[in-house]
Amino acid sequence: MSFFFIIFFALYGGMHLYAFFKVRAALIPGTVSSIFLILFMLVMTFTPFIIRMSEKFGFEYSARIMSYIGYTWMGVLFLFTSSSLAVDLFRLIIHLLESSLHRDWPYLKPSAVLSLFIPFALSVSIAIYGYFEAKNIRTEQITIKTHKIPEEVGRLRIVQISDVHIGLIIRKERLKNILREVKKADPDILVSTGDLVDGQINSLIGLSGIFNDINPKYGK
């Protein structure tokens, strides 16, 4: 487990360091601004650990606030790093072509400012789209024909849910919306195939009772 944390914080800290140098190259912040930016990124780097400890010791409200901030930032930073690396790779390819062909194409190379703001705008746009897309619960129907089901059973309807992540952020209303769709499907079997719960389960008292209203013929 300690090895996992070392790898995680090394990678996550590296992403923050990369983003810091991108900001510094584009905006050239002063000393005070740089210190505030470094402090913010340090806090964000260790936010998953802070959330975990806050939840563990019963500070659920503060843990939930930190979850919204920290995990939103994590998603945006991951998207920013991915898209920014793509821009940097494009700049590198143009530079290598210029060197090998002895040409100069400055109009093909985004400036430091554009190299910052294009990936940032793209990341924020994708994050906003992902937020609303995640709230839009849709069902997918797949028909599997098999001779392994006894004739007396006939059609067997299995409803699968996955990656619900009930915890600090996903709460009762989200779970009710999901199970509303489950009820509409009228399952013979209900299965959850992973990540039903996040974090500390002792703060989820009462949520498990919502499943009591769904009683498929062959269980859940």
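1. Here we look at the pattern of salt bridges
So, step 1. One pass over the full model with this rule turns up six salt bridges.
So, step 2. Here K22 ties to D88 by a salt bridge, and the two come within 2.8 Å at their closest N and O atoms. Residue K22 is found in helix α1 (residues 2-27), and its partner D88 is found in helix α4 (residues 60-101); the two are separated by 66 residues along the sequence.
So, step 3. Exposure remark for K22: the relative accessible area of 11% places this residue in the buried category.
So, step 4. Where K109 meets E98, a salt bridge forms, and the shortest distance between an N and an O atom there is 3.1 Å. Taken as a pair, K109 in the loop between α4 and α5 (112-135) and E98 in helix α4 lie far apart in primary sequence, eleven residues in all.
So, step 5. Judged by relative accessible area, which is 7%, E98 ranks as buried.
So, step 6. Overlapping salt bridges, with partners in common, bring together E60, R64 and R171 in one network.

2. Points about helix α3 (residues 47-56)
So, step 1. All of the buried residues along α3 are T47, P48, I51, S54 and E55. Looking straight down α3, one finds that the buried residues subtend no more than 130° of arc, so they occupy a single side.
So, step 2. Residues of α3 that are buried sit in contact with α1, α2 (31-45) and α4.

3. Some words on α2
Since one α-helical turn is 3.6 residues long, residues separated by three or four positions face the same way.
So, step 1. With 15 residues, α2 extends 21 Å between its outermost C-alpha atoms, agreeing within 8% with the 21 Å of an ideal straight helix rising 1.5 Å per residue.
So, step 2. Lining the buried residues of α2 we find α1, α3 and α4.

4. Points about unusual backbone geometry
So, step 1. Not every positive phi belongs to a glycine, and I28 is a case in point at roughly 45°.
So, step 2. In this fold, I28 is placed in the loop between α1 and α2.
So, step 3. I28 sits in the exposed class, given a relative accessible area of 68%.
So, step 4. The phi dihedral of D195 is positive, around 55°, even though this residue is not glycine.
So, step 5. Mapped onto the elements of the fold, D195 is located in the segment after β2 (189-192).
So, step 6. Given the relative accessible area of 41%, D195 is considered partly exposed.

What counts and what doesn't
Residues numbered from 1 in each chain as written. Predicted model: local features only at pLDDT ≥ 70, side-chain atom pairs only at ≥ 80, totals over all residues. Heavy atoms only, no water. Salt bridge = Lys/Arg side-chain N within 4 Å of Asp/Glu carboxyl O. Helix = DSSP H or I, 4+ residues; strand = E, 2+ residues; numbered from the N terminus. Buried < 20%, exposed > 50% of the residue type's maximum accessible area, 1.4 Å probe, protein only. Arc of directions from axis to C-beta. Contact = heavy atoms within 4.5 Å. Expected span 1.5 Å × (residues − 1).

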